[in-house]
Structures are given as structure tokens and as C-alpha cells.
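# Per-entry structural report
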Amino acid sequence: MPLILQSPDPLSADDLAAIGTLAQAAEFSRRGDTVAVAARCAPLDAALRETLDGYCGPRRIDWAVVPDGCNLSDFRLVAMDMDSTLITIECIDEIADFCGLKAEVSAITEAAMRGEITDFNESLRRRVALLKGLDASVLDRVYEERLRLSPGAERMLAGARELGMKTLLVSGGFVHFTEKLKARLQLDFTRANTLEIVDGKLTGQVVGEIVNADVKARMVRETCEAIGARPDQAIVMGDGSNDLKMMAIAGLSVAFRAKPVVRAQASVAFNFVGLDGLFELFPR
């Protein structure tokens, strides 16, 4: 099984040698200054994971072990969470900032993403209720003034399109943002929650079915079915505990700047490189 190292910084010869020893890896070959690949390494078990995390983390190196012979062309769908995955912010936290409640809402968001609040529906309702009475124009301000794409997002999506892969943005956030991103990034499918707006004001309510972990997984399955693919032909990217169920059914799961509970269960974790690090996991 190949061992792939990536970093936003140049990889030093000393680090390659040390990691090679720790992982009992074959000699690394370089792909430029920031990527190196060893054709094989020791079997990936809990001890090796801990060893690699302990060495690579402080040095801003992302590592991945992928099945030999796996190619990007084996996949048909890239499915992504939105908040803190495709984009750098949590939209609901930024909306709450406009009514002076960002700290309170952020604390609930963080607890939910870490898996400390197991009822996502209730956590979302609690947060949305705090937005009651806010002018709906705030949504556009958050999109225009605060929303930024995560590093490598556009390159990753462009590369997926070139390979004929379909794209799905499935979010526990809000349709106002997913629809704008769908048009901007030429995404194929989206699913998110709808904030109720009456007379130009947020009512503090969510309309319709809440997109929780179960709905996310169901959306991945249904999208795969719609495009004639199997769930194991999907790549799923996420950062929080409500992404775990859709990540579990995917052929490859990517934890992006993720909470520890997600990193521990994902196929691959990108803690330092961008979303386009996906393309370095596979032969060229």
C-alpha cells in the first residue's frame, strides 16, 4: 500500500528518512518539493496511525495510505459538506454575529461537530431560534463579505469535472448559500436546510426536513443511484460528526481540517494541504 506525504511546505530529506523508518516504507520518490510517495509501507494499524500523526502533525505534513492500484477514474462522485469543508466559515455562526450572538451559537456548533451533541436536529433548531427577527439581507452580507472557498476547492472541482465526475454539496447549513455556490462552481447536485423568512425577517424556524447525518448519507446513496454509480464509487469530504454516516458508505472519505472523531474514522485526513490534495493520492 503506497504511503503519500504532502505538505504546504517543502519536505526535507531528514523528514522523509525519519518517516520512512517509522513506517518501514520503501524509498520515497518526489513529486516536486511538497509531495513524496513510497510504493509500500508497513500495514496501517492503530499504532502506525498514532506514530505517523505524532511525527507528521507538528511538521505540517499530511500522510495517507491508499490501496495499491486505486485510481481516481474508479470514482464517479465527489460529495462535500459545505461549512468548514468547501468553505472556510460556519455560515450560521457568521449570521449570528450580526445579532451579537456569535459566541453562543459557535459554542453549540462546535459541540455538535465534535459529536458532543448527538441530536443534530435539536442543536440546529436551538441555533436558528436565536436568529429570530434578523433581517434576511444579512444572508447576502455573509455570502459577499465573509464566505471564502477553502484552499484548493476550485482546482479540485475543476479536476473532478475534467474526469467526468459528478459533484454533490450536501450541508446541514442553508440553501441560500448552497444555491449560490452551485451556480458559481458548476455543482451538479445540492441539498441543505431552508430558513423560514416572513416579511423580510428570519422567523427562527427551519422549513421542511432537516439535513442531518442520516439525510446526508441518504443523499449520497440517492445521488449515486441517479448517476448509475455505487456508493463505493463516491469520494466524501467532511469535517464534523454529522458527516460520518455519509463518509462511512463512501469508497474514500476525506477528513478536511476535521474534528478528531472524524479524522480517526476517515480514510485520509487533510490537516494542512488544500482540497486539491485529493489528486496527489492517486497515480498520475
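Check the entry above for the structure.
Residues numbered from 1 in each chain as written. Predicted model: local features only at pLDDT ≥ 70, side-chain atom pairs only at ≥ 80, totals over all residues. Heavy atoms only, no water.

We now examine helix α8 (residues 153–162). Among all positions in α8, only Ala-153, Met-156, Leu-157, Gly-159 and Ala-160 are buried. All buried residues of α8 fall inside an arc of 160° around its axis, so they share one side. Those residues of α8 that are exposed and angled more than 90 degrees off the buried face are Glu-154 and Glu-162. Here the buried face of α8 lies against β5 (77–80), α3 (82–86), β6 (166–174), α9 (175–185) and β9 (234–238). Directly after α8, the chain includes Gly-164, whose backbone phi takes a positive value near 80°. (Buried < 20%, exposed > 50% of the residue type's maximum accessible area, 1.4 Å probe, protein only. Helix = DSSP H or I, 4+ residues; strand = E, 2+ residues; numbered from the N terminus. Arc of directions from axis to C-beta. Contact = heavy atoms within 4.5 Å.)

For the rest of this paragraph, the subject is the pattern of salt bridges. Note that side chains of opposite charge can pair when their charged atoms are close. Inspection of the entire model under this criterion finds 20 salt bridges. Between Arg-218 and Glu-209 there is a salt bridge whose closest N-O contact spans 2.8 Å. Assessed through its relative accessible area of 31%, Arg-218 is described here as partly exposed. Residues joined by salt bridges that share partners form a network here, namely Glu-94, Asp-97, Lys-102 and Arg-146. (Salt bridge = Lys/Arg side-chain N within 4 Å of Asp/Glu carboxyl O.)

For the rest of this paragraph, the subject is the nonpolar core. One finds Ile-95, Phe-177, Leu-181 and Leu-278 to be the most contacted residues of the largest nonpolar core, which totals 61 residues. With residues near it in sequence (within four places) discarded, Leu-181 still touches Met-82, Leu-86, Ile-87, Tyr-143, Leu-147, Leu-149, Leu-169, Gln-186 and Leu-187. Within the second largest apolar cluster, 24 residues are counted, among which are Met-219, Val-220, Cys-224 and Ala-234. (Core = buried A, V, L, I, M, F, W, Y, C linked by side-chain atoms within 4.5 Å.)

All right, on to empty space enclosed by the protein then. Rolling a probe over the atoms, with the probe sized like a water molecule, indicates the empty space that remains. Applying the stated criterion across every chain, the model contains one cavity of 30 Å³ or more. Approximately 150 Å³ is the volume found for the largest cavity. Lining the largest cavity are 17 residues; nearest its centre among them are Asp-83, Glu-90, Phe-120, Gly-172 and Gly-173. If you list the elements that add at least two residues to the lining of the largest cavity, you get α5 (102–114), α6 (120–129) and β6. Partitioned by chemical class, the residues of the lining of the largest cavity number five nonpolar, five polar and seven charged. (1 Å grid on protein atoms, 1.4 Å probe; cavity = no way out; pocket = protein on both sides within 12 Å on 5 of 7 lines; lining within 4 Å. Points joined across faces, edges and corners; volume = space filled by probe spheres on them. Nonpolar A, V, L, I, M, F, W, Y, C, P; charged D, E, K, R; others polar.)

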